[in-house]
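Chains, contacts and geometry: an overview
Letter by letter, the chains look like this.
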Amino acid sequence: MANIAAQRIKREFKEVIKSEEVAKCAIKVELLNDSYTELKGEIAGPPDTPYEGGNFVLEIRVPETYPFNPPKVRFITKIWHPNISSVTGAICLDILKDQWAAAMTLRTVLLSLQALLSAAEPDDPQDAVVARQYKENLEMFKLTAKHWTNAYAGGPFVNTDCDEKIKRLIDMGIEEHQARVALSSYNWDLERATEQLFS
Amino acid sequence: MAEVMHIFDRYCIHYFNCRDCPHGEQCSYPHKARHEVEQIQYLPGNEYFLGKPRINQRICRFFLRGNCIHQQNCHYRHEHINDLPNVLKGVDKSSNNRSPRGIINTNVPSTSQCENVTNKNSINNSLDLQNKEMLISHQEITPCQKEEHDNKPLTEEEGACASPPLTHISDSWVHAPEFVPKNIYRPKSYAEALSSEAIEEKNANKELCRYVNKDGICRNLTDCTYLHGEMCDMCERLILHPYDEEQRKRHRQECLKQHEKNMELSFAIARSKEKSCGVCFEVIMEKATGEQRFGILPNCNHCFCLSCIRKWRQARQFENKIIRACPECRVTSDFVCPSMYWVDTKEDKDKLIEDYKKALSRKDCKYFKKGQGKCPFGNKCFYLHAFPDGRKCDVGPPPRQRRPRNADADIDVLQVMLWDFLDERDFPWQSLAEDLEDLVSFFTDSEESDWSDYEILFD
């Protein structure tokens, strides 16, 4: 790895550890290898959003050309968000692509992602299904996002109705995550979800 | 160690070092090999002192106090200060005198008048010869002055000398040179000594010795017919004319100016010292040599090292709008100004940029090629557009290229490169050797925000 990238990650690492966001448990960075190329990030779901109370794990890969190129970041924790793929965790955020600036840091990236969670951009979606739901049925989107936060990110909100529907699909021999995706995609319409799964 | 004659002022350096001199017999210096030289003394300043075995010309400080344990074998003179010819009475150079090369022509009237002829005869011939070559501290005491202006501690010392050495040792240790402040020996200044002389007027027009003027050392020593200047307390050079008030004033002003310059520089260093680059996060002044340069953006006040900001502005994977913007605040700047130091204020920055442009405008544009080529920047180019005869040429505004961008809109694109990549070469503060000719991009004024992402490579 280019020296400048490793040097900078080292410095940034210290910066993140000392930052007040870490003190408030809002963001966290962990090293996964000695060469500073792979890191694990964590962000807390921002308050007053469906993601509140959840803890989202991110995979951060630092390219050799960092900081002249953005780090590659994706969600490991499954999340229901218009700008984040519910399948791969890929993120659609301009600063991680063409709007990157060399002065940005891991800390600012994580904070930007946190901001993205509280302010989705459905017009520039990564996950079309989620974005459509967000635009057509915001209440349903919030309910689904809360349920996903509870199921995957340790959020406190429990929706018994959703859990029941998933349980019925599991009883039919469907894998849990698959069942959740199908139900979420069809606004928790059990019949349509079943139809889609068995078609 | 101004009192020490350098060895190679006496002997041929080539013969001394390797017993082979290119001048052979014709060499004007005596040929002596190292082992032939009878005695080599290493003096504290690590300079050779060569010559026949003899006594050092300095007076033994311990003898003066009557407690030298070396007795006859002492390397220093065992003579009372009054017994010596005045040229020898150089006060210890290692005293508080801050001048490293405080030398003054001993051939000044006051000194020669005071010379004690009878005492001089008592010194042997070899020493007399050395006297001529000797350089004397300007803090020298002459016997005349000494008698008139003797300060008390010195008198005490003389009294101590007279007492029997053995009894003296026990109670005089408090007066050892280590404990006695050096300024006890401080005589009248040279200027004071001279002021009583009536020949001042005549000397006012005399020239200063140019050797002393240059580096503080006059090789001609005692025979120099020129005036040896006084020490300027600012530049610490022996450059002040003793009689010419005008010259003194002028020199002081120059020194003051230089001093201000130095102050500015130290301020610049102070404000640059802690600055770190917004891209690599390193403290710029602590980077490797050659990397310690700031890249100043004209339109914002964010701090980067030159190499980082240049690299960012070369990042081809982003749009020009992005890379021309400051990585911190995204304010676009058209060029990067290299600087050794950080600039805080607008005035400093404007001056820096102006100086930079001025420096560039003296260099021939390598695209214009003294009229043979065509510069894509037109009259916006920072470099000089002039013909071989020196005639300047206004090449007009940069050529515009019309190129369809969308189906319905034609966009004018200014065919300009980023200056950043061009000014790398030919600058003393820029050592990057890489050829950046192919790093070509587009450049417009800030108002013209339309950018195209295609490239043109100039040949």
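Residues numbered from 1 in each chain as written. Chains lettered and ligands numbered in written order. Predicted model: local features only at pLDDT ≥ 70, side-chain atom pairs only at ≥ 80, totals over all residues.

Chain B is annotated in an unreviewed UniProt entry as RING-type E3 ubiquitin transferase of Psylliodes chrysocephalus. Looking at the Catalytic activity (unreviewed entry) heading of the UniProt record, one finds this comment for chain B: "S-ubiquitinyl-[E2 ubiquitin-conjugating enzyme]-L-cysteine + [acceptor protein]-L-lysine = [E2 ubiquitin-conjugating enzyme]-L-cysteine + N(6)-ubiquitinyl-[acceptor protein]-L-lysine." (UniProt positions renumbered as here; feature names shortened; annotations may be inferred.)

Chain A is annotated in an unreviewed UniProt entry as E2 ubiquitin-conjugating enzyme of Psylliodes chrysocephalus. On record in UniProt, under Sequence similarities (unreviewed entry), the comment for chain A is "Belongs to the ubiquitin-conjugating enzyme family."

Here the focus is the overall build of chain A. For chain A, the count of helices and strands is eight helices and four strands. Helices (α) and strands (β) of chain A occur, in sequence order from the N terminus, as α-α-β-β-β-β-α-α-α-α-α-α. Of all intrachain contacts in chain A linking residues separated by at least 6 positions in sequence, the fraction that spans at least 24 positions is 51%. (Helix = DSSP H or I, 4+ residues; strand = E, 2+ residues; numbered from the N terminus. Contact = placed C-beta atoms within 7 Å.)

Further remarks concern the sheet that holds strand 1 (residues 27-31) of chain A. Residue and element names in this part refer to chain A. If you trace the four strands from one edge of the open sheet to the other, you get 1-2-3-4, paired in antiparallel fashion. Here the strands that pair on one side only, and so sit at the sheet edges, are strand 1 and strand 4 (72-75). Each strand of the sheet is rotated relative to its neighbour by a mean of 25°, with strand direction disregarded. In the sheet, strand 2 (residues 38-44) pairs with strand 3 (residues 55-61) via seven bridges, with the strands oriented antiparallel. (Pairing = 2+ DSSP bridges. Axes fitted to C-alpha atoms, helices over the stretch in contact; angles between N-to-C directions.)

A few words now on the sheet that holds strand 7 (residues 337-339) of chain B. Residue and element names in this part refer to chain B. Across the sheet, three strands lie side by side as 6-5-7; this open sheet has antiparallel pairing. In this open sheet, the two strands that pair with only one neighbour each are strand 6 (303-305) and strand 7. Averaged over all neighbouring strand pairs, the angle between strand axes comes to 40°, with direction disregarded. Note: strand 5 (residues 294-296) against strand 6, three bridges, orientation antiparallel. Bridge assignment links G295 to a residue of strand 6, and that residue is F304. Across the sheet, helix 13 (residues 306-313) lies against strand 5, strand 6 and strand 7, angled at about 90° from strand 6, the strand it touches most. Sitting on the sheet, helix 15 (residues 346-361) touches strand 5 and strand 7, and the angle it makes with strand 7 is about 105°.

A separate point is unusual backbone geometry. Cis geometry is found at the peptide bond from Y66 of chain A to P67 of chain A, where omega equals 5°. With respect to the helices and strands, the residue P67 of chain A is situated in the loop between strand 3 and strand 4.

The feature "zinc finger region: C3H1-type" (unreviewed entry), as annotated in UniProt, sits at residues 54-81, 203-231 and 359-388 of chain B in this numbering. Taken end to end, residues 359-388 of chain B is 10% helix and 0% strand, and its first and last C-alpha atoms sit 19 Å apart.

All names here are of chain A. Two numbers describe how helix 6 (residues 160-171) lies on helix 7 (residues 176-185): the axes approach to 9 Å, and their chain directions differ by 125°. As far as their axial angle goes, helix 7 and helix 6 are oblique. Helix 7 is crossed by helix 6, and the crossing has right-handed handedness. Residue-level contacts link K165, I166, L169 and I170 of helix 6 to E176, A179, R180 and L183 of helix 7. In the contact of helix 6 with helix 7, the residues fall into five nonpolar, no polar and three charged. (Parallel < 35°, antiparallel > 145°, perpendicular 65-115°, else oblique. Left-handed = near helix turned anticlockwise from the far one by under 90°. Nonpolar A, V, L, I, M, F, W, Y, C, P; charged D, E, K, R; others polar.)

Our next topic: the environment of H78 of chain B. Residues and elements named next belong to chain B. Summarising the element assignment, H78 is placed in the loop between helix 2 (61-65) and helix 3 (109-114). On a C-alpha basis, the gap between H78 and R58 in space is 9.0 Å, while along the polypeptide they are 20 residues apart. Setting aside its immediate chain neighbours within four residues, H78 contacts C60, F63 and C68.

Mapped onto the present numbering, the UniProt feature "domain: UBA" (unreviewed entry) falls at residues 161-199 of chain A. As annotated, residues 161-199 of chain A has a helix share of 77% and a strand share of 0%, and its two end C-alpha atoms lie 24 Å apart.

Next up on the list: the confidence of the model for chain B. Residue and element names in this part refer to chain B. The pLDDT averaged across chain B works out to 64; a share of 49% of its residues lies at or above 70. Segment residues 84-167 is flagged for pLDDT under 50; beyond a separation of four residues in sequence, or across chains, it makes 136 contacts in the model. Across the interface, the model reports ipTM at 0.85; the global pTM reads 0.58. (pLDDT = per-residue confidence, 0-100.)

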